[in-house]
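Structural description and commentary
As a plain string of letters, each chain reads:
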Amino acid sequence: MSRKNEITVVMAKVLLALMTASRQEWDQVLCRFQAAGNTQNHFQFISRKGRQLNPQHASADYTDLLGPLMLSLFDELEKEGKSRPLVAVLAVDASKNYHLKLDFNNPHAHDISLAGLGSDASYFAGNEVDVPG
């Protein structure tokens, strides 16, 4: 298993722990990480149950683990000769399957916030989830 895959698996386990601690029903949890250097990082967390989205609060226990892991993942990608990503979204489902989506150019890409639903920058496609009224 490659180093970047190992890092991604560890991050997926952290997200699973977050949702276990939340005691909510969920099908999928997503973490969006935006890096603007090694000191300015921004996280968003949201869970999904069917078509419903629920913003998640992640304590420093989780972000303190995920921040260095995300930066290590970005370092590994850079070592492969790729550009350094600006944004990563890690999605993990309740069956422990995960998917990582990266953007190398747009710091606003793959928005997982409720406010971003329906925008061109939204992670969620078209009518995939319900827009809260």
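Starting from 1, residues in each chain are numbered consecutively following that chain's sequence as written. Reporting of local features is limited, given that this is a predicted model, to residues whose pLDDT is at least 70; pairs of side-chain atoms are given and counted only at 80 or more, and all residues count toward the totals for whole chains, interfaces and linings. Side-chain numbers here rest on the full set of heavy atoms in the structure, without hydrogens or water.

1. Quick notes on the pattern of salt bridges
When their charged atoms lie close together, side chains carrying opposite charge are able to pair. In what follows, salt bridge is the name for a side-chain nitrogen of Lys or Arg lying within 4 Å of a carboxyl oxygen of Asp or Glu. A complete count under the given rule lists eight salt bridges for this structure. For Arg51, the salt bridge identified is with Asp130, shortest N-O distance 2.8 Å. Taken together, the residues span a long stretch of sequence, with Arg51 in the loop between strand S2 (41-49) and strand S3 (52-55) and Asp130 in the segment after strand S5 (98-103) at a distance of 79 residues. When the shortest N-O distance is used, the salt bridge between Glu78 and Arg84 registers 3.0 Å. One connected set of salt bridges, linked through shared partners, spans Glu25, Asp27 and Lys49. For the purposes of this entry, the term helix denotes a DSSP run of H or I that reaches at least four residues, the term strand denotes a run of E that reaches at least two, and both are numbered from the N terminus.

2. Focus: the side chain of Gln44
Following the sequence through the fold, Gln44 ends up in strand S2. Residues are treated as being in contact if the distance between any of their heavy atoms lies within 4.5 Å. Once residues within four sequence positions are removed from consideration, Gln44 is found in contact with Leu30, Cys31, Arg32, Asp111, Ile112 and Ser113.

3. Comments concerning the nonpolar core
Residues enter a nonpolar core if they are buried and are Ala, Val, Leu, Ile, Met, Phe, Trp, Tyr or Cys, with the set joined through side-chain atoms within 4.5 Å. Relative accessibility decides the category of a residue: with a 1.4 Å probe and only protein chains considered, values under 20% of the type maximum give buried, values over 50% give exposed, and everything between is partly exposed. Counting residues in each nonpolar core, the largest one holds 27 residues, and the members touching the most others are Met11, Leu15, Phe45 and Leu66. Looking at this core, the elements that each hand over two or more residues are helix H1 (3-22), strand S1 (28-35), S2, helix H2 (60-79) and strand S4 (87-93). The residues contacting Met11, other than those within four sequence positions of it, are Leu66, Leu69, Met70, Leu73 and Leu90. Residues Leu30, Leu53, Val89 and Ile112 belong to the second largest nonpolar core, which totals 10 residues.

4. Here we look at the sheet that holds S3
Between any two strands, pairing holds if DSSP finds at least two bridges. Here five strands make up an open sheet; going across it, the order is S3-S2-S1-S4-S5 and the pairing antiparallel. Single-partner strands in this sheet number two, and they are S3 and S5. On average, each strand axis in the sheet is tilted by 20° relative to the strand beside it, whichever way the strands run. Note that S1 and S2 share eight bridges and pair antiparallel. Counted as the bridge partner of Cys31 is Phe45 from S2. Interaxial angles span 0 to 180 degrees and are taken between N-to-C directions of axes, which are lines fitted to C-alpha atoms, for helices over the stretch in contact. The strands touched by H1 are S1, S2, S4 and S5; relative to S4, the strand with the most contacts, the crossing angle is about 60°. With respect to the sheet, H2 is in contact with S1, S2, S4 and S5, its orientation differing from that of S1 by roughly 65°.

5. Description of H1
One less than the number of residues in a helix, times 1.5 Å, gives the span that helix is expected to have. In this model H1 runs 29 Å from its N-terminal to its C-terminal C-alpha over 20 residues, within 8% of the 28 Å that 1.5 Å per residue would give. Tucked into the core, H1 has its buried residues touching S1, S2, H2, S4 and S5. In the stretch just after H1, Arg23 is the one whose phi turns positive, near 60°.

6. Considerations on the pairing of S4
Walk down a regular strand and you will see the side chains alternate between the two sheet faces. Across the seven residues of S4, six count as buried, placing the element largely inside the fold. Bridge count between S4 and S5: six bridges; the pairing is antiparallel. Opposite Ala91, over in S5, you have His99 as the bridge partner.

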